[in-house]
Amino acid sequence: MTPDELAAAGLRYDVSGDVATVTLSRPEVRNAQTPTMWRGLAVIGDEVPDEVRVIVVRGEGQSFSAGLDRAMLDPATSADDPESVVGLLGRSDEEISEAVDRFQRGFTWLRDPRFVSVAVVQGHAIGAGFQLALSCDLRVVGDDAQFCMKEAALGLVPDLTGTKPLVESVGYARALELCATARVVGAAEALEIGLATVVCPVADLDGALADLVGALTAPMAGAVRETKALLLATSGRSLDEQRRFERQAQIRRFRELAGLMAAGGS
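The following paragraphs examine the structure supplied in this document.

Parameters at a glance
- Residues numbered from 1 in each chain as written.
- Predicted model: local features only at pLDDT ≥ 70, side-chain atom pairs only at ≥ 80, totals over all residues.
- Heavy atoms only, no water.
- Core = buried A, V, L, I, M, F, W, Y, C linked by side-chain atoms within 4.5 Å.
- Buried < 20%, exposed > 50% of the residue type's maximum accessible area, 1.4 Å probe, protein only.
- Contact = heavy atoms within 4.5 Å.
- Axes fitted to C-alpha atoms, helices over the stretch in contact; angles between N-to-C directions.
- Helix = DSSP H or I, 4+ residues; strand = E, 2+ residues; numbered from the N terminus.
- Parallel < 35°, antiparallel > 145°, perpendicular 65-115°, else oblique.
- Left-handed = near helix turned anticlockwise from the far one by under 90°.
- Polar contact = N/O pair within 3.5 Å; in protein donor to acceptor, adjacent residues only side chain to side chain.
- Pairing = 2+ DSSP bridges.

Our next topic: the nonpolar core. A general trend in soluble globular proteins is that nonpolar side chains are found buried together. Within the largest apolar cluster, 50 residues are counted, with the highest numbers of intra-cluster contacts made by L11, I55, W109, V121, F147, L166 and L195. When near neighbours in sequence (up to four residues on either side) are disregarded, W109 contacts V22, L41, A42, I44, G45, V48, I55 and F115. Of all hydrophobic cores here, the second largest spans 14 residues; its members include V19, L205, L209 and L212.

Another point: the packing of helix α7 (residues 163-170) against helix α8 (residues 172-181). Running from N to C, α7 and α8 point in directions that differ by 125°, and their axes come no closer than 7 Å. The pairing of α7 with α8 is recorded here as oblique in orientation. Two packed elements cross with a definite hand, and for α7 against α8 that hand is right-handed. For the pair formed by α7 and α8, the contact residues are L166, V167 and V170 on the first element and Y172, R174, A175, L178 and C179 on the second.

Looking now at unusual backbone geometry. Backbone geometry at R30 places phi at a positive 55°, although glycine is not the residue there. Position of R30 relative to the elements: it lies in the loop between β2 (19-24) and α2 (35-47). With a phi angle near 70°, T161 is a residue other than glycine that sits in the positive phi range.

Attention now moves to the environment of Q122. In this fold, Q122 is placed in the loop between β4 (116-121) and β5 (124-126). Expressed as a C-alpha distance, the spacing of Q122 and R237, which sit 115 residues apart in the sequence, is 35 Å. Every residue in contact with Q122, bar those within four places of it in the chain, is listed here: G61, Q62, S63, F64, D144, A145, V202 and L205.

It is worth spelling out the side chain of Q33 at this point. Along the chain, Q33 falls in the loop between β2 and α2. Taking relative accessible area as the criterion, Q33 reaches 0% and is therefore assigned buried. Within polar-contact distance, the side chain of Q33 engages the side chain of S65 at 3.0 Å. Contacts of Q33, omitting those with residues within four sequence positions, involve L24, R26, W38, S65, G67, L68, D69, F107, A128, G129 and L132.

With that out of the way, let us pick up the pairing of strand β1 (residues 11-16). As paired elements, β1 and β2 share six bridges and run antiparallel to each other. What sits directly across from S16, in β2, is V19. Counted between consecutive antiparallel strands, the loop separating β1 from β2 contains two residues, among which G17 sits at a positive phi close to 65°.

Before going further, it helps to spend a moment on the sheet that holds strand β8 (residues 185-186). Ordered by their spatial adjacency, three strands build an open sheet running β5-β7-β8, and the pairing between neighbours is mixed. Where the open sheet ends on each side, the last strands, each with one partner, are β5 and β8. Across two bridges, the pairing between strand β7 (residues 146-148) and β8 is antiparallel. By the bridge assignment, F147 is partnered in β8 with V185. Strand contacts of helix α6 (residues 128-135): β5 and β7, with the helix running at about 95° to β5, the strand carrying the most contacts.

Two pairing modes exist for strands in a sheet, parallel and antiparallel, and in both the strands are linked by backbone hydrogen bonds. An order of β1-β2-β3-β4-β6-β9 is seen for the six strands of this open sheet, with the pairing classed as mixed. Among the strands making up the open sheet, the edge pair consists of β1 and β9 (198-200). Averaged over all neighbouring strand pairs, the angle between strand axes comes to 15°, with direction disregarded. Two strands pair when backbone bridges link them, and β2 and strand β3 (residues 54-59) are joined in this way by six bridges, in the parallel orientation. The residue bridging T23 from the neighbouring strand is R58, located in β3.

Nothing here speaks to function; it is all geometry.
Below, the structure written as structure tokens:
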């Protein structure tokens, strides 16, 4: 997508060396999300260069994202939009499923083992905003952050891939409580229950992010990528299966290191 097309979707995308930054850029509505934004995120995911090692996702202004743009729920403003919530109601189950699948792709690419994804969260991370933060591997959180899985209060369920990482982060019982009650979790509790990687004053977010990015890019890229791939797959494998994949990954690391040593000695 061109910068103008991204801007129309409420997004900015910048690549600097081995770090790419995706910015939700609708500060006038606290970076509320739309289907157009989700499609834009999916396109960005398809275009990430191989040399990128860290993806940073953040929001412009004082909020990460206040969630779904409420205009998508208003029949007066979105009834003719086939991908709005209102517009989807008149379609078949298969068509609705296909549309939501397209939306979800704007979130799933952030789990790609080629890079580590980091959400920088300040202010509101509500509903779809919470799920976008959960799609990232790590979360650097300002002390003013408010997380809330709002969907149940709207008669909906979280469907933008947030349920699995939420359970993995905080456990089933806590995840159920957060989703069913739609209560707000502040920054201190987010750190305590495993939602936040680090919490700091909002003024220190950029410094905390720089420290984390520096630490993530210090090891060899291949080692981090192999490790992320191993960790992502643990829940679906037995111990014996995981042991086998660890051995295979380590052999690949040995081969790369041996090649580097040979090249250095020649």
